[in-house]
Amino acid sequence: MIFVIDDDEIMAECIARAVKKETKVFSNAITAISALNDEVPELIFLDILLDGPDGFTFLNELASYQDTAKIPIVIVTSLDVSNVDLSQYNVVGILSKDNMTPQEIKKYVDQI
Amino acid sequence: MEQEVNGILVAAHELKAPLSVLRQLALSFDFEEPAPSLEHIRSEMVSVSERAIKQVNDLTKIARLEDGLFTMEPVSVRAVCDDVTRELDYLFRYNKRELFVKYSNKAKLVTANRDLLHSVVYNFLLNAMHYSGEETRSELCINDCHDKVKISVRDFGPALPMDVWREMKRGWIKKPTSIAMRPGSSGLGLYIASKFSRYMNANVGAVRHRDGTSFFIELPVSTQARLF
């Protein structure tokens, strides 16, 4: 199972299509955090600017629990996060919404 | 002023989100039987949205110029021009335009910001393509000019109106709307190029020809280049 967290419904749908695996789409961090109680996904595609708590809050939440700290995360954003220290999180990749392709999205899924 | 800058940044982000979605939607099309015409439409959708995203990103950069976030460093002019021509090659061919490139500079490095210079050349070339008729060519040239390197882009479109030429001669363009200079243009690309050039302390200008216009930027040769 792969989680896609993005408040833009169409963008989330595009990512889910590119993944070509079973996905659950969440429009905000709170519902995604709740879903983690029932299921630990293999990979999470995470937007940063979300309605309510942002992607960094979600990353902190994830890192604070033993069972979720090691879930690989791919950040999908239009922000420039190159200067942000992400070393404390299990971020395996960063995709820019400006120029990412379905192939690049799929590549992360294939690496699981 | 700060409020205005914040407004531009918020607006840019709001504009970029739907453009990114459009681009992603175009890339998501799965054709059961790929048809060349559909592939063309898809390519155009991706290309148009990418150009718009680039302009929105450039607007964001303009809003941040005053923060001095863009480092000036030794930059290879040819490498930047190569990147831009590679990026625009498809678009020129798709629109049945020819892109002619001539490098005759010996100085390799200039003092500039790579991203900003990339945007200046990109906007000059896009402008040239827009104003060149079918089957005509645009020329990208790099020449040494004393202690400067000159990048010029020549098109064979309508001549530049006198008032815009004067603005360019003065060194920069105050606002994009005044450059409705040539038909069908908001002048946004040249406004962006003008702003970025000014930030890099580069000379920017235009030359009127009887059969078109050349836009140019002159950048100081990097003193570090003398070490080689």
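Predicted model, so just to flag it, every value in this text is computed and none were measured. (Residues numbered from 1 in each chain as written. Chains lettered and ligands numbered in written order. Predicted model: local features only at pLDDT ≥ 70, side-chain atom pairs only at ≥ 80, totals over all residues.)

Caption draft 1: Molecular detail of the nonpolar core. Within the largest apolar cluster, 42 residues are counted, with the highest numbers of intra-cluster contacts made by Val-121 and Leu-125 of chain B. Going through the elements one at a time, helix H3 (77-94), strand S3 (109-112), helix H4 (114-131), strand S4 (137-145), strand S5 (148-155), helix H6 (188-199), strand S6 (203-209) and strand S7 (212-220) of chain B are the ones with two or more residues in this core. In terms of residue count, the dominant contributor to this core is H4 of chain B (11 residues). Residues contacting Val-121 of chain B, with those up to four places away along its chain left out, are Val-80, Cys-81, Val-84 and Ile-151 of chain B. Listed in part, the 29 residues of the second largest apolar core include Met-11, Ala-12, Phe-58 and Met-100 of chain A. (Core = buried A, V, L, I, M, F, W, Y, C linked by C-beta atoms within 7 Å. Buried ≥ 20, exposed ≤ 12 C-beta atoms within 10 Å, placed from the backbone. Helix = DSSP H or I, 4+ residues; strand = E, 2+ residues; numbered from the N terminus. Contact = placed C-beta atoms within 7 Å.)

Caption draft 2: Structural view of the sheet that holds strand S1 (residues 2-5) of chain A. Residue and element names in this part refer to chain A. Strand order in the open sheet formed by five strands is S2-S1-S3-S4-S5, with parallel pairing between adjacent strands. Each edge of the open sheet carries a strand with a single partner, namely strand S2 (23-26) and strand S5 (91-96). Within this sheet the neighbouring strands show an average axis-to-axis angle of 15°, counted without direction. Bridge analysis of S1 against strand S3 (residues 43-46) gives four bridges, and the strand direction is parallel. Within S3, the residue paired with Phe-3 across the bridge is Ile-44. Across the sheet, helix H4 (residues 102-110) lies against S1, S3, strand S4 (73-77) and S5, angled at about 170° from S5, the strand it touches most. (Pairing = 2+ DSSP bridges. Axes fitted to C-alpha atoms, helices over the stretch in contact; angles between N-to-C directions.)

Caption draft 3: Seen up close, the pairing of S4 of chain B. All names here are of chain B. Strand direction decides the pairing type here: strand S2 (residues 98-103) and S4, joined by six bridges, are parallel. Paired with Val-101 across the strands is Leu-140, a residue of S4. Across seven bridges, the pairing between S4 and S5 is antiparallel. Bridging across to S5, Glu-139 finds its partner in Arg-154. The antiparallel pairing of S4 with S5 creates a hairpin that spans two residues between the two strands, and His-146 there sits at a positive phi of about 60°.

Caption draft 4: Structural detail: the environment of Asp-89 of chain B. Residue position: Asp-89 of chain B is located in helix H3. In this structure the C-alpha to C-alpha distance between Asp-89 of chain B and Ser-194 of chain B, which are 105 residues apart in sequence, comes to 23 Å.

Caption draft 5: Examining the interface of chain B and chain A more closely. In this complex, chain B contributes nine residues to the contact, which on the side of chain A involves 11 residues. Looking at the side of chain B that touches chain A, the element that brings in the most residues is helix H1 (residues 2-28) of chain B, giving eight residues. Residue composition of the side of chain B that touches chain A, by class: five nonpolar, three polar and one charged. (Nonpolar A, V, L, I, M, F, W, Y, C, P; charged D, E, K, R; others polar.)

Caption draft 6: A look at the packing of H4 of chain B against H6 of chain B. Residue and element names in this part refer to chain B. Axis separation between H4 and H6 bottoms out at 9 Å; the angle between their running directions is 150°. Taken together, H4 and H6 sit at an angle that is classed as roughly antiparallel. Relative to H6, the crossing made by H4 is left-handed. Contacts from Leu-116, Ser-119, Val-120, Asn-123, Phe-124, Leu-126 and Asn-127 of H4 reach H6 at Gly-189, Leu-190, Ile-192, Ala-193, Phe-196, Ser-197 and Tyr-199. Of the residues belonging to the contact of H4 with H6, the class tally is nine nonpolar, five polar and no charged. (Parallel < 35°, antiparallel > 145°, perpendicular 65-115°, else oblique. Left-handed = near helix turned anticlockwise from the far one by under 90°.)

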